[in-house]
Amino acid sequence: MTMMNHSFLITAHAYPEQLREIISLLAAPNHYCFINIDKKTKWAEKFIAENKSDHNIFLEGKERMEVTHGGYSQIEVTLRLLHKAYNQSGGGQIDYFHLISGQDFPIHSNMTFDKFFEKNEGKSYMEIESDEYHAKCMVRKYPSRVQPWYLMDIRHRDNRLINLYARIFNFISKHIYWRKMIPGLWGGWNWFTWHRSVAQFVIQQEQTNPSFFRRFHHTSRGDELIFQTLLYPHLSELNIEKHSLRYINWTKKANGRNHEGSPLTLNEQEYDDIINSGAFFCRKIDPVISKKLKDLLVSSINKE
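What comes next is a walk through the structure. (Residues numbered from 1 in each chain as written. Predicted model: local features only at pLDDT ≥ 70, side-chain atom pairs only at ≥ 80, totals over all residues. Heavy atoms only, no water.)

What to know about the overall build of the protein chain
Helix and strand counts for the protein chain stand at twelve helices and ten strands. Here the protein chain has a C-alpha radius of gyration of 19 Å; the compact-globule value for 304 residues is 19 Å, and the two agree. Based on the C-alpha atoms only, the size of the protein chain along its principal axes is roughly 55 × 45 × 40 Å. Sequence separation of 24 or more characterises 74% of the internal contacts of the protein chain that already satisfy a separation of 6 or more. (Helix = DSSP H or I, 4+ residues; strand = E, 2+ residues; numbered from the N terminus. Rg over C-alpha atoms; globule rule 2.2 N^0.38 Å. Contact = heavy atoms within 4.5 Å.)

Take a look at the structure:
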């Protein structure tokens, strides 16, 4: 049996040594990493020079992006990485596309990973909210994200004055519903695992329905909405499961490990839950807070 080819679409903005750990753990003859290191970083060029290979492909030059949390740039970088991987030819056609970040850590060995997808070939996985949660979000949360007009991706936000201007504008604008609601809006986590059939569908939609993608410009955290909205009417035909294969903890409270708008930063206390979750990646991982957890995961991976 020919092994399927897997691509890992990785967005990173910090922690170069942790990123090196992740791509090292994912290394296999049929695994390819497609990586965007945020243009704001100072270590990217050295990292790219040291790690670029036939299996580690980086967005470089004009392709490489500066990404702003909550901005359309998070969607655009995903699409750029998806296109890059979809058009990969050197190692053969890519069968699966897994979107992760530099703070997502592997849970199982490459052998276990590959066997799972051989057994479930054709299935795709992404988090889509429950009907009950969706109804709650449609009252206030989602209208406030997509009907106002936000300045997220304006240039030079590292400049204090420009950043202050953007923050003031966004604070005022979020109370003004300038635009009509997006029909059929659905949400979930932005991290996904797509079979090639889903990647092909999304790329075709980009070409034939560009107004859909343009509508998510100047929204807030549209990356958690756009693909769920696009794919929700096609879950059955595209064989998409409502599970992301990621362990993410949004409920636990722990001193020093919770940050507003972000999930729990994981440590060794979550190890058993992670191992038993049925997931293949866990997030959020921090080089210091999660060090013991990473050691436990690497030890478990080496035993599989």
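Quick notes on the pairing of strand β2 (residues 31-37)
β2 sits mainly inside the fold: seven of its seven residues count as buried. Covered by surrounding structure in β2 are His31, Cys33, Ile35 and Ile37 together with Tyr32, Phe34 and Asn36, the residues of both alternating faces. Direction of pairing for strand β1 (residues 6-12) relative to β2: parallel, over a ladder of seven bridges. In the sheet register, Thr11 faces β2, and the bridge partner there is Asn36. Running through helix α1 (residues 16-26), the crossover from β1 to the neighbouring parallel element β2 is right-handed. Sheet topology note: the β2/strand β3 (residues 56-58) ladder contains three bridges and is parallel. Directly across from Cys33, in β3, lies its bridge partner Asn56. (Buried < 20%, exposed > 50% of the residue type's maximum accessible area, 1.4 Å probe, protein only. Pairing = 2+ DSSP bridges. Right-handed = clockwise from strand over helix to strand, strands pointing away.)

Quick look at the environment of Ser144
Structurally, the position occupied by Ser144 is in helix α6 (residues 141-146). In this structure Ser144 comes out as buried when scored by relative accessible area, which is 16%. Here the alpha-carbon distance between Ser144 and Phe117, two residues 27 residues apart in the chain, equals 38 Å. Of note is the side chain of Ser144, whose polar atom sits 2.7 Å from the backbone oxygen of Lys141. (Polar contact = N/O pair within 3.5 Å; in protein donor to acceptor, adjacent residues only side chain to side chain.)

Section: the nonpolar core
Among the nonpolar cores identified, the biggest contains 46 residues, and Leu9, Trp194, Val202, Phe216 and Leu231 are the most heavily contacted of them. Within the residue set of this core, elements represented by two or more residues are β2, α3 (73-86), β4 (96-101), α6, β7 (192-195), α8 (196-208), α9 (210-214) and α10 (226-231). By residue number, the principal contributor to this core is α3, which donates seven residues. Here Leu9 is in contact with Phe34, Leu81, Leu82, Ala85, Phe97, His98, Leu99, Ile100 and Phe192, once residues within four sequence places are set aside. (Core = buried A, V, L, I, M, F, W, Y, C linked by side-chain atoms within 4.5 Å.)

A look at the packing of α1 against helix α2 (residues 44-51)
Where α1 contacts α2, the axes come no closer than 11 Å and their chain directions differ by 25°. The angle between the axes of α1 and α2 places the two elements in the roughly parallel class. Crossing handedness for the pair α1 and α2: right-handed. Contacts between α1 and α2 involve Pro16, Leu19, Arg20 and Ile23 from the former and Phe47, Glu50 and Asn51 from the latter. Across the contact of α1 with α2, the residue classes break down as four nonpolar, one polar and two charged. (Axes fitted to C-alpha atoms, helices over the stretch in contact; angles between N-to-C directions. Parallel < 35°, antiparallel > 145°, perpendicular 65-115°, else oblique. Left-handed = near helix turned anticlockwise from the far one by under 90°. Nonpolar A, V, L, I, M, F, W, Y, C, P; charged D, E, K, R; others polar.)

As for the sheet that holds β3
As summarised here, the arrangement of the seven strands in space is β3-β2-β1-β4-β7-β6-β8, forming an open sheet in which the pairing is mixed. Two strands lie at the open edges of the sheet, namely β3 and β8 (240-241), each paired on one side alone. In the sheet, β1 pairs with β4 via six bridges, with the strands oriented parallel. Paired with Thr11 across the bridge in β4 is Ser101. Docked against the sheet, α2 engages β2 and β3, running at close to 145° with respect to β3. Sheet strands in contact with α3 are β1, β2, β3, β4 and β7, and its direction is about 150° off that of β1.

Quick word on the environment of Thr265
Inspection of the secondary structure puts Thr265 in the loop between β9 (246-248) and α11 (271-275). The buried category is assigned to Thr265, whose relative accessible area is 7%. The residues touching Thr265, leaving out its near neighbours within four places in the chain, are Arg257, His259, Lys284, Asp286, Ile289 and Ser290.

Some details on α3
Over its 14 residues, α3 runs 19 Å from end to end, which matches the ideal 20 Å to within 8%, given 1.5 Å per residue. Burial runs high along α3: ten of the 14 residues are buried. Listing the buried residues of α3 in full gives Ser73, Gln74, Ile75, Val77, Thr78, Leu79, Leu81, Leu82, Ala85 and Tyr86. (Expected span 1.5 Å × (residues − 1).)

Observations regarding the side chain of His195
When you line up the elements, His195 lands in strand β7. Overall, His195 belongs to the buried group, its relative accessible area being 17%. In this structure His195 touches Asp95, Tyr96, Phe97, Gly122, Lys123 and Ser124, once residues within four positions along its chain are discounted.

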